[in-house]
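This is what each chain is made of:
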Amino acid sequence: MKVCSFSRMALVLLAFCSVVMARDLDQDEALRLRQQGVILPLEQLLKQAMDRYPGSKLLEAELEEKHDVYIYEVELLTTEGVVRELDVDATTGQLLKDKED
């Protein structure tokens, strides 16, 4: 019985920590990071994402910090009507994730 309770508590703690580890950055913080040369311009990374799916429409773009890594999360609507979620490393421009949302 104690092992089961401990396992549940560990799962809840793990879920909580996962949520806490990601943080959205506001536009002022993003601008400051860009001016300091820490992150690449959003326009550059949006072009990269749009080139991957020509003709797509931008639905949303936001800058997040996950595990001390700055990530642009970009959502696109493709010409086929599919929503794609792309995560791009904001410091290097490397594509980290591309999945159907």
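Residues numbered from 1 in each chain as written. Predicted model: local features only at pLDDT ≥ 70, side-chain atom pairs only at ≥ 80, totals over all residues. Heavy atoms only, no water.

Draft legend 1. Up close: the overall build of the protein chain. A count of helices and strands for the protein chain gives 3 helices and 5 strands. Put simply, the protein chain runs from its N terminus to its C terminus through helices and strands in the order α-β-α-α-β-β-β-β. Taking all 101 residues of the protein chain together, the buried fraction comes to 30%. Intrachain contacts of the protein chain at a sequence separation of at least 6 include 39% that bridge at least 24 residues. With the model as given, the accessible surface of the protein chain reaches about 7,000 Å², and the carbon-plus-sulfur share is 58%. (Helix = DSSP H or I, 4+ residues; strand = E, 2+ residues; numbered from the N terminus. Buried < 20%, exposed > 50% of the residue type's maximum accessible area, 1.4 Å probe, protein only. Contact = heavy atoms within 4.5 Å. Areas by Shrake-Rupley, 256 points an atom, 1.4 Å probe, with all protein chains shown as cover.)

Draft legend 2. Focus on the confidence of the model for the protein chain. Across the protein chain, the average pLDDT comes to 84, with 79% of residues at or above 70. A low-confidence stretch, residues 1–7 stays under pLDDT 50, and its non-local contacts, those more than four residues away or across chains, total 0 contacts. (pLDDT = per-residue confidence, 0-100.)

Draft legend 3. Inspection of the pairing of strand E4 (residues 83–89) at higher detail. Counting buried positions along E4 gives 6 out of 7 residues, so the element sits mostly inside the fold. One ladder, built from 7 bridges, connects strand E3 (residues 69–77) with E4; its direction is antiparallel. From the neighbouring strand, Tyr72 faces E4, where its bridge partner is Val88. Where E3 folds back onto E4 in an antiparallel hairpin, the turn is made up of 5 residues, including Gly81, whose phi is positive at roughly 85°. Where E4 meets strand E5 (residues 95–100), 5 bridges bridge the pair, whose relative direction is antiparallel. Bridging from a neighbouring strand, Glu85 pairs with Lys99 of E5. In textbook terms, the turn of a hairpin is the stretch between consecutive antiparallel strands, and for E4 and E5 this stretch comprises 5 residues, one of which, Gly93, has a positive phi near 85°. (Pairing = 2+ DSSP bridges.)

Draft legend 4. The arrangement of the pattern of salt bridges in detail. This structure, assessed with the given rule, holds 10 salt bridges. Of the charged contacts in the structure, one is a salt bridge between Arg84 and Asp98, with a shortest N-O distance of 2.8 Å. With Arg84 in strand E4 and Asp98 in strand E5, this residue pair connects regions lying 14 residues apart in the sequence. The salt bridge involving Lys97 is made with Asp87; its shortest N-O contact spans 3.6 Å. Taken together, the residues Lys97 in strand E5 and Asp87 in strand E4 connect sequence positions 10 residues apart. Overall, Lys97 belongs to the partly exposed group, its relative accessible area being 28%. Salt bridges here are not isolated pairs; linked through shared partners, they connect Glu64, Lys66, Glu85, Asp87 and Lys97. (Salt bridge = Lys/Arg side-chain N within 4 Å of Asp/Glu carboxyl O.)

Draft legend 5. Geometry of the nonpolar core. Counting 16 residues, the largest nonpolar core has Ile39, Leu63, Tyr70 and Tyr72 as its most contacted members. Taken together, the elements giving at least two residues each to this core come down to helix H2 (27–35), helix H3 (42–52), E3 and E4. Tallying contributions element by element places E3 first for this core, with 4 residues. Excluding residues within four positions of it along the chain, Tyr70 makes contact with Leu25, Leu33, Val38, Ile39, Leu63, Glu64, Glu65, Val88, Asp89, Ala90 and Thr91. (Core = buried A, V, L, I, M, F, W, Y, C linked by side-chain atoms within 4.5 Å.)

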